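In case you want the letters, here they are:
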Amino acid sequence: MKIDLRANPFYLTEEDCNWVHETIAAMSDEEKVGQLFFQLTSSQKEEDLVELVETYHLGGCRYNPAKARDVWKQNRILQEHSKIPLFIACNTEAGGDGACSDGTYIGNGMKIGATGNHDYAEALGKMANEEAAAIGCNMAFAPVCDIYYNPANTEISTRAFSNDPELVQKCSVEYVRGAHQNPGFACVAKHFPGNGVDYRDAHLSNHVNDFSVKQWEETYGKVYRELIINGVEGIMGGHIMLPEYVKELAPDLSKEEIWMPATLNKTLMTTLLREKLGFQGVVVTDASHMVAMTNQMKRKEMLPRAINAGCDMFLFFNDPKEDFQTMLEAYQKGIISKERMEEALTRILGIKAHLMLHKKSVTELVPQEDVLDRVLGNEVFRKKQSEISQKSLTLVKYKDKEVLPISPEKYKKIMIVHIKGQETGMAELFKLCGIQGENPAEILKEKLCRKGFDAFIYESPLEAMKKKALAGEKPDLNLYFAGKNAISEFCDQMDLVITLCDVMSGRPSFGMSKGGGEIPWYVFEVPVIAVGCGQPTMLADIPQVRTYINVYDSKENTLDALVEALLKGAEAFPGKDPIDSFCGLEDTK
């Protein structure tokens, strides 16, 4: 396939085009194969980083979360020892905290969508990646341009801007526009051909987009076409099946081929994305350890197949030596043709030349360290974060019109019920390592107490039993039934309940209660305000609540904005529901 390096998204000069072609011509087989790989660095030791880039000639790196200065040092080492400058990517979907752990969180996609103002998406793209650029990153694996159609989908959730393709299109394009205000910075939009239809998580299972050709063109297709027109440099291929479109483009394929995920599907990656949509930029696979990819075939077959399908870069080694050798052998045996290799390398180096990486010194590729002090967490970013928090507050359901505003005179005693998601193995590991985020229920309690309320956090019978067990006492199973007190006795303890749904993924975990406070069975006995500060679909789990608010995250400035709005009343919630938070269920209304 002929690639026009003078056109969108490269826009190269003749000199830059010559650099691309001459560099490819001078490369060894090993250097060519290395450019196909994006690796997730697992060590920050200089000797390990040097060995990685000098042995495997990597095209790009992503890295595990770390403090800004640690990432800055790592990026310096990587670029100093790379013959061809690296793509260094970060997940700045919601802010600079996706580039380094002390970066500024601006707001997740759905929070931006709830404001209804796509200018905030531009601000997100600019600010998040200004911090990323300060530590030496040059590529964002963002924006997330998926469309949140299925309320049971927990893989995308608040990462998506909306379930409205028009809003997703505008916000995605504006994010890229904002990111491009940082010179030499690229975006990789994800996850083609579109997540959000299936309820399943591609990390754990297959993922299917079952839209018809017409449906896809009017939704996901519309979003990707506009991103391509507006010069997005990269697209991340998702391990997502799109069978109806494959049948349309290649009706003679076997069923097995029709139901192959995009990253391994030439019809989707080459015929649809390249030929039909006209995308010339670089295509990166999603992570190659996700089950929706690994469950299709042997890894030895999977690596070259992804490249032959039309992906230019393969995201993450399993074992570096093994994967590198697999790809090298596939090239040297002709499984990956010289033509296909040159095509991939032309796109990879073409985008590097577009970013002017080949003309920059190491100190330009990774700025001076003092830039960090000027950029990270500056006041402008923090103000924008607070502004978005206030503008996104969404009063989704308001059946008891007299509940708001709240005041200490009206509701002195407030019980906070902290509903959490089911913990993953990773969350448990973080706990064991002493890495835990702040408790939003505790933060909310303190903020309410400072306003004159007597706020307290509900302890469930299950939590009480766990405490006894941890203290070496034998749990009393009768505690399980302790919640079944007289209703008047239960309600005397509080004037108002705030149910804080702190569920970032999966479904809520209500514990063992059958009459305690975890599940708000008491909505007609005492006023209840439910707040979704993670997934925005909690009404499906607690449809009985009569006042429901979505705030989209549990950051401290978000809880500040929430408390102020609760004190002011219903008019202080300007956000517009970016999805159907009622989940298409009549009983939730």
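To start, this report covers the structure provided alongside it. (Residues numbered from 1 in each chain as written. Predicted model: local features only at pLDDT ≥ 70, side-chain atom pairs only at ≥ 80, totals over all residues. Heavy atoms only, no water.)

1. Points about the overall build of the protein
In terms of helices and strands, the protein carries 24 helices and 15 strands. A compact globule built from 589 residues would reach a C-alpha radius of gyration of about 25 Å, and the protein, at 26 Å, matches this within 12%. If one aligns the C-alpha atoms of the protein with their principal axes, the spans along those axes are about 80 × 60 × 50 Å. Partitioning the intrachain contacts of the protein with sequence separation of at least 6 by distance along the chain shows that 77% fall at a separation of at least 24. If you sum the accessible surface of the protein, you get close to 23,800 Å²; carbon and sulfur atoms cover 50% of it. (Helix = DSSP H or I, 4+ residues; strand = E, 2+ residues; numbered from the N terminus. Rg over C-alpha atoms; globule rule 2.2 N^0.38 Å. Contact = heavy atoms within 4.5 Å. Areas by Shrake-Rupley, 256 points an atom, 1.4 Å probe, with all protein chains shown as cover.)

2. Points about the pattern of salt bridges
Here the structure, examined in full by the defined rule, presents 30 salt bridges. Among the salt bridges present, the one from Glu130 reaches Lys126, with a minimum N-O distance of 3.0 Å. With Glu130 and Lys126 both in helix 6 (residues 119-134), this residue pair falls four residues apart, about one helical turn. For Glu130, a relative accessible area of 22% gives the class partly exposed. Residue classification places Lys126 among the partly exposed positions, given a relative accessible area of 29%. The partner of Lys214 in a salt bridge is Glu218, and the shortest N-O contact between them spans 2.8 Å. Residue Lys214 and its partner Glu218 are both found in helix 8 (residues 213-218); the two are separated by four residues, about one turn of the helix. Each of Arg274, Asp312, Arg340, Glu343 and Arg347 takes part in a single network of salt bridges with overlapping partners. (Salt bridge = Lys/Arg side-chain N within 4 Å of Asp/Glu carboxyl O. Buried < 20%, exposed > 50% of the residue type's maximum accessible area, 1.4 Å probe, protein only.)

3. Considering the environment of Leu204
Examined against the element boundaries, Leu204 turns out to sit in the loop between strand 5 (186-192) and helix 8. Sequence separation between Leu204 and Glu571 is 367 residues; the distance between their C-alpha atoms is 42 Å.

4. A look at the packing of helix 1 (residues 14-26) against helix 16 (residues 338-354)
Where helix 1 contacts helix 16, the two axes come as close as 9 Å, and the packing angle between them is 135 degrees. On the basis of the axis angle, helix 1 is oblique to helix 16. Helix 1 and helix 16 meet at a crossing whose hand is right-handed. In this structure, helix 1 uses Asp16, Trp19, Val20, Thr23 and Ile24 to contact helix 16, whose residues at the interface are Glu342, Leu345, Thr346, Leu349, Gly350 and Ala353. Along the lines of polarity and charge, the residues of the contact of helix 1 with helix 16 split into six nonpolar, three polar and two charged. (Axes fitted to C-alpha atoms, helices over the stretch in contact; angles between N-to-C directions. Parallel < 35°, antiparallel > 145°, perpendicular 65-115°, else oblique. Left-handed = near helix turned anticlockwise from the far one by under 90°. Nonpolar A, V, L, I, M, F, W, Y, C, P; charged D, E, K, R; others polar.)

5. Here's the deal with the environment of Phe573
Turning to its location among the elements, Phe573 is positioned in the segment after helix 24 (556-568). What Phe573 contacts, discounting residues up to four positions off in sequence, is Leu393, Thr394, Leu395, Leu404, Ile549, Leu562, Ala565 and Leu566.

6. Re the packing of helix 3 (residues 46-56) against helix 4 (residues 68-80)
Angle between the axes and distance between the axes: these two values describe a pair of packed helices. Where helix 3 contacts helix 4, the axes come no closer than 9 Å and their chain directions differ by 40 degrees. One way to sum up the angle between helix 3 and helix 4 is to call them oblique. Note on packing geometry: the crossing formed by helix 3 with helix 4 is right-handed. Each of Glu46, Leu49, Val50 and Val53 in helix 3 lies in contact with helix 4, whose residues at this interface are Gln74, Ile77 and Leu78.

7. Structural notes on helix 12 (residues 266-276)
Burial in helix 12 covers these residues: Thr267, Leu268, Met269, Thr270, Leu272, Leu273 and Arg274. Structurally, the start of helix 12 carries an N-cap: the backbone nitrogen of Thr267 is 3.1 Å from a side-chain oxygen of Asn265. Phi turns positive, to about 75 degrees, at Gly278, one or two residues after helix 12. (Polar contact = N/O pair within 3.5 Å; in protein donor to acceptor, adjacent residues only side chain to side chain.)

8. With respect to helix 1
Between its terminal C-alpha atoms helix 1 stretches 18 Å, which fits the 18 Å expected from 13 residues at 1.5 Å a residue. Taken together, the buried positions of helix 1 are occupied by Asp16, Cys17, Val20, Thr23 and Ile24. End-on, the buried residues of helix 1 take up no more than an arc of 135 degrees, which puts them together on one face. Residues of helix 1 that are exposed and point more than 90 degrees away from the buried face comprise Glu14, Glu15, Glu22, Ala25 and Ala26. The inward-facing, buried residues of helix 1 contact helix 2 (29-35) and helix 16. (Expected span 1.5 Å × (residues − 1). Arc of directions from axis to C-beta.)

9. Focus on the pairing of strand 7 (residues 282-285)
Because side chains alternate across strand 7, one face comprises the buried residues Val282 and Val284, and the other comprises Val283 and Thr285, equally buried. Summarising the sheet, strand 6 (residues 234-237) and strand 7 pair through four bridges and their orientation is parallel. Within the sheet, the bridge partner assigned to Met236 lies in strand 7 and is Val284. (Pairing = 2+ DSSP bridges.)

10. Comments concerning the packing of aromatic side chains
Describing an aromatic ring pair means giving the distance of the ring centres and the angle of the ring planes. For the coordinates displayed, the defined rule picks out 15 aromatic pairs. Taking 6.0 Å as the distance between ring centres and 80 degrees as the angle between the ring planes, the aromatic pair formed by Phe37 and Phe314 counts as edge-to-face. With Phe37 in strand 1 (residues 37-41) and Phe314 in strand 8 (residues 314-315), the pair connects residues that are 277 residues apart, well separated along the chain. In terms of burial, Phe37 and Phe314 fall into one category: buried. Chaining the aromatic ring pairs together yields one cluster made of Phe37, Tyr56, Phe314, Phe317 and Phe324. Cation over ring: Lys352 sits above Phe87, and NZ or CZ is 5.0 Å from the ring centre. The ring of Tyr105 has Lys555 sitting right over it, with the charged end atom 4.7 Å from the ring centre. (Phe/Tyr/Trp six-rings, centres within 6.5 Å; stacked < 30°, edge-to-face > 60°. Lys NZ or Arg CZ within 6 Å of the ring centre and 35° of its normal.)

11. A short note on the sheet that holds strand 2 (residues 60-63)
Pairing within the open sheet is parallel, and its eight strands lie in the order 7-6-5-4-3-2-1-8. Whereas interior strands pair on both sides, the edge strands pair on one side only; in this sheet they are strand 7 and strand 8. Bridge analysis of strand 4 (residues 139-140) against strand 5 gives two bridges, and the strand direction is parallel. For Met139, the partnering residue across the bridge sits in strand 5 and is Ala186.

12. So, the state of the cysteines
All chains considered together, the criterion is met by zero disulfides. Cysteine Cys583 shares no disulfide, and the gap to the nearest cysteine sulfur, in Cys501, comes to 12 Å. (Disulfide = S-S within 2.5 Å.)

13. Topic: the environment of Thr115
Relative to the assigned elements, Thr115 resides in helix 5 (residues 109-115). Assessed through its relative accessible area of 14%, Thr115 is described here as buried. With 278 residues separating them along the chain, Thr115 and Leu393 place their C-alpha atoms 8.0 Å apart. Once residues within four sequence positions are removed from consideration, Thr115 is found in contact with Tyr120, Ile388, Lys391 and Ser392. One polar contact links the side chain of Thr115 to the main-chain carbonyl oxygen of Ile112, over a distance of 2.6 Å.

Take it as geometry only, folks, not as evidence of what the structure does.
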